[in-house]
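Residue-level listing of the chains:
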Amino acid sequence: MSSAVPAGTVVAMIEVRDLSKWYGGKPAVDHLTFTVRPGRVTGFLGPNGAGKSTTMRAILALDRPTSGSALISGVRYDQLTEPLREVGALLDAGAVHPGRTAANHLRALAIAAHLPRQRVDEVLDIVGLADMAGKRVKGFSLGMRQRLGIAAALLGDPAVLLFDEPVNGLDPEGIRWVRGLMRSLADEGRTVLVSSHLMSEMAVTADELVVIGGGRLVAQGTVSELTAGHGSLEDAYFDLTGGHTEYATSYPPGVPR
Ligand code: ADP
């Protein structure tokens, strides 16, 4: 794989600034600010419903923030000139046409993004699906769909990668594989944001953690920084998120209804 950050390019960072997103009178994300830097795996940790997917959707311009911003290399995702070459994302592994073969699914994405066709074979190889290239996705296990989703994220060889709960549905071997992949992507200088509600997984996968609860930032730091004074990351997680999972029930001033 080529170097992700050639000399002279803008450093690929994800910058979430005072981001809020409201749904039906409740904040899913509430004045959230954090930065994700290259060369490390940043774990995005929080209980189910904490606002991780909503934040990732805002970073990918799939949802419009109620207020605040989410920028990649200083611009909104929808302002990127070649988005698939700049950002790869795994959000919902189920979002693939079941009648398509794995290779055809990736080929369609490659054609739409003007990416070289040989890249399809390369990414199928990277995710261990080369033997399944000609098989229809409807016969795939959730773990195989996760691998296919990761292959799609890697297609454009992007410097920034977002993975939403990538180990869901994977067996222990698959989980180990994802962990190794995240590590090598970060070691290549890429910016890697990976969400999980599993603190044990994040403790061994991430270099740095962004912990959220109830849509708000509760902590950001290295695993050892966050664990300090709490006994274990598990204790830290419950201490940090315990009081933050309730949502406000009214709109703050200035929030459109
Ligand atoms: P996480 O990814 O941490 O599990 P989400 O971002 O999916 O959390 O959800 C945060 C909150 O926002 C939850 O209460 C969820 O029900 C709500 N939410 C997310 N998306 C929508 C939507 N499209 N419409 C209404 N509520 C939503």
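Note that the coordinates shown come from a computational prediction; the quantities given were computed from them, not determined experimentally. (Residues numbered from 1 in each chain as written. Predicted model: local features only at pLDDT ≥ 70, side-chain atom pairs only at ≥ 80, totals over all residues. Heavy atoms only, no water.)

Before going further, it helps to spend a moment on the confidence of the model for the protein. Per-residue confidence for the protein gives a mean pLDDT of 87; residues scoring 70 or more make up 89%. Counted against residues more than four places away or in other chains, residues 243-257, with its pLDDT under 50, gives 23 contacts. (pLDDT = per-residue confidence, 0-100. Contact = heavy atoms within 4.5 Å.)

Inspection of the region around the ligand gives 11 residues, with Gly-49, Gly-51, Lys-52, Ser-53 and Thr-54 positioned closest. Within the backbone of Ala-50, one N or O atom sits 3.1 Å away from an oxygen atom of the ligand. Contact between the ligand and Ser-53: an oxygen atom at 2.8 Å from a main-chain N or O atom of the residue. Against a free-state accessible area of 550 Å², the protein chains account for coverage of 57% of the ligand. Broken down by element, the residue count for the shell around the ligand peaks at 3 residues, all from helix 1 (residues 52-59). Of the residues in the shell around the ligand, the class split is 5 nonpolar, 5 polar and 1 charged. (Near = heavy atom within 4 Å. Polar contact = N/O pair within 3.5 Å; in protein donor to acceptor, adjacent residues only side chain to side chain. Areas by Shrake-Rupley, 256 points an atom, 1.4 Å probe, with all protein chains shown as cover. Helix = DSSP H or I, 4+ residues; strand = E, 2+ residues; numbered from the N terminus. Nonpolar A, V, L, I, M, F, W, Y, C, P; charged D, E, K, R; others polar.)

Time to look at unusual backbone geometry. Even without being glycine, His-114 reaches a positive phi, approximately 55°. The exposed category is assigned to His-114, whose relative accessible area is 66%. Positive phi, close to 50°, is recorded for Glu-165, a residue that is not glycine. Tracing the chain through its elements places Glu-165 in the loop between strand 6 (160-164) and helix 6 (172-187). Taking relative accessible area as the criterion, Glu-165 reaches 11% and is therefore assigned buried. (Buried < 20%, exposed > 50% of the residue type's maximum accessible area, 1.4 Å probe, protein only.)

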